[in-house]
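# A look at the structure
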Amino acid sequence: MRFNGPFFAILTPFDQSMDIDFGALKVQLEFLAEHRVENIIVGGTTGEFASLTIKERKEILEFCRKNFNGKIVNHISSTCLLESTELIEHSVGKADAILLLPPYYYANISEEGVLTFLSKCLEKSTLPAFLYNFPRHTQINIDSEWVRKLITKHDNLIGIKDSGGDIENSLEYKKLNLEFQVYVGSDTTIFEVLKQGLNGTVTGAGVPVPEYILRIHNDFANQQWESAQRIQNIFNVWNKFRKSLNFNEIAIAKAALSKRIDGFPIWVRPPLIKVGDVEIKEIGQKLHNEILPITKFD
């Protein structure tokens, strides 16, 4: 299976009691569909998967399948192999592909141990699979040689989401096989990622402003290079602003989405904390005064 265009890692909305707000989740999915988003990642980092129970992760996937007509990649990572395989089996018939981190938490584990864990997950999957490289959180960088070994053994391994922050590393994955799909977790270098011949990008922070990511991808696909670069430059005004805020990216994305979807909840589960009232006001002003007025890009 091949995917076209960017992926949007959706947020998991909670109410003030910290229960999943499925009404807000539905509205988020409708918002993305209205903006012609075709691919989403469910239960990823932006979805606060580490704060969710296995039951909740299953319920969210089931809900998204019923309420989103595009392609769904289900993030199934856990440090427990049995939990990962349980989520893999549950994904069948609901997701179009799975996304898999190496086993985070453990210190100084061997290459053999990591590859054994990933192989056992891939063996259990009848769905196409993407690896997920995020060394800042896992303390493990998925080496291109590791990927080569896994591709050799597992036909269902079709790509990787690389959030390592090093485009040279992403390019090493692509050199393995031009058919291997490499998506990069970056909002500030979307145009550069595409220019380098990679498949596209994954965004969580960009969920509140999907117009930008989609326009950059579409302009690039239509060989409108100058326009794609111009939109990237405009988008980076937003990226620079959100990075200046002293809050977790997930909390910022929820606060920003609340300024686009009236009543969207800003609550996050501990250890994260929600954005403060002053910053929420600043986010709203930035969006409505500088960002959203130019989303027509003309």
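Procedures and definitions
Residues numbered from 1 in each chain as written. Predicted model: local features only at pLDDT ≥ 70, side-chain atom pairs only at ≥ 80, totals over all residues. Heavy atoms only, no water. Salt bridge = Lys/Arg side-chain N within 4 Å of Asp/Glu carboxyl O. Helix = DSSP H or I, 4+ residues; strand = E, 2+ residues; numbered from the N terminus. Buried < 20%, exposed > 50% of the residue type's maximum accessible area, 1.4 Å probe, protein only. Phe/Tyr/Trp six-rings, centres within 6.5 Å; stacked < 30°, edge-to-face > 60°. Lys NZ or Arg CZ within 6 Å of the ring centre and 35° of its normal. Pairing = 2+ DSSP bridges. Axes fitted to C-alpha atoms, helices over the stretch in contact; angles between N-to-C directions. Patch = residues over 30% accessible without salt bridge, like charges linked within 9 Å, V, L, I, M, F, W, Y side chains within 5 Å. Areas by Shrake-Rupley, 256 points an atom, 1.4 Å probe, with all protein chains shown as cover. Contact = heavy atoms within 4.5 Å. Left-handed = near helix turned anticlockwise from the far one by under 90°. Nonpolar A, V, L, I, M, F, W, Y, C, P; charged D, E, K, R; others polar. Core = buried A, V, L, I, M, F, W, Y, C linked by side-chain atoms within 4.5 Å. Right-handed = clockwise from strand over helix to strand, strands pointing away.

Here the focus is the pattern of salt bridges. Taken as a whole, this structure holds 15 salt bridges when the rule is applied. In this structure, Asp 219 engages Arg 215 in a salt bridge whose closest nitrogen and oxygen atoms are separated by 2.8 Å. Placement of the pair is Asp 219 and Arg 215 together in helix H9 (residues 210-221), with a separation of four residues, close to one helical turn. Looking at Asp 219, the relative accessible area reads 4%, which means it is buried. Within the structure, one salt-bridge network assembled from shared partners comprises Asp 187, Arg 242 and Glu 249.

By the definition in use, this model includes 13 aromatic pairs. Their ring planes at 75 degrees and their centres at 6.0 Å tell us that Phe 191 and Phe 220 sit as a pair that is edge-to-face. Here Phe 191 is found in helix H8 (residues 190-195), whereas its partner Phe 220 is found in helix H9, with 29 residues between them in sequence. One exposure class covers both Phe 191 and Phe 220, and it is buried. Through successive ring pairs, a cluster of aromatic residues spans Phe 3, Phe 7, Phe 130 and Tyr 183. Its guanidinium or amino end placed over the ring of Phe 3, Lys 71 lies 5.0 Å from that ring's centre, counting from NZ or CZ.

Here we come to the sheet that holds strand E3 (residues 71-75). Strand order around the closed barrel formed by eight strands is E1-E2-E3-E4-E5-E6-E7-E8, with parallel pairing between neighbours. When the angles between neighbouring strand axes are averaged without regard to direction, this sheet yields 25 degrees. As paired strands, E3 and strand E4 (residues 97-100) are joined by three bridges and run parallel to one another. Note on E4: the bridge partner recorded for His 75 is Leu 99.

Together, Tyr 105, Tyr 106 and Ile 109 give the surface a local cluster of nonpolar side chains, amounting to about 370 Å² of exposed area. Given the relative accessible area of 33%, Ile 109 is considered partly exposed.

The next subject is helix H3 (residues 81-91). When H3 is considered as a whole, its buried residues turn out to be Ser 84, Thr 85, Leu 87, Ile 88, His 90 and Ser 91. Each element contacted by the buried residues of H3 is listed here: helix H2 (54-67), E3, E4 and helix H4 (111-124). A positive phi of about 85 degrees marks Gly 93, the residue just after H3.

Let us look at the side chain of Asn 156. The topology assignment puts Asn 156 in the loop between helix H6 (144-153) and strand E6 (157-162). Look past the residues within four positions of Asn 156 in its chain and what remains in contact with it is Leu 122, Ser 125, Leu 127, Pro 128 and Ala 129.

What follows covers the packing of H4 against H6. The interhelical angle for the contact between H4 and H6, taken along N-to-C directions, is 35 degrees, at an axis separation of 11 Å. Seen along the crossing, H4 lies across H6 with a hand that is right-handed. Residue-level contacts link Glu 111, Val 114, Leu 115, Leu 118, Ser 119 and Leu 122 of H4 to Trp 146, Lys 149, Leu 150 and Lys 153 of H6. Taken together, the residues of the contact of H4 with H6 break down into six nonpolar, one polar and three charged.

Attention shifts here to the nonpolar core. With 84 residues, the main nonpolar core has Ile 40, Leu 131, Trp 238 and Ile 283 as its most contacted residues. In terms of residue count, the dominant contributor to this core is helix H11 (residues 249-258) (seven residues). Judged by nonpolar contacts, the second largest core, of 15 residues, contains Phe 7, Ile 41, Val 73 and Val 202.

Bringing the pairing of strand E2 (residues 39-42) into the picture now. Look at any regular strand and the pattern is simple: side chains alternate between the two faces of the sheet. Burial along E2 is two-sided: the residues Asn 39 and Ile 41 and Ile 40 and Val 42 are all buried. Sheet topology note: the strand E1 (residues 7-9)/E2 ladder contains two bridges and is parallel. Bridge assignment links Phe 8 to a residue of E2, and that residue is Ile 40. Considered for its hand, the β-α-β crossover made up of E1, helix H1 (residues 22-34) and E2 is right-handed. Alignment of E2 against E3, held across four bridges, turns out to be parallel. Residue Val 42 lies in a different strand from E3, and its bridge partner there is Asn 74. Regarding topology, H2 serves as the crossover connection from E2 to the parallel E3, and that connection is right-handed.

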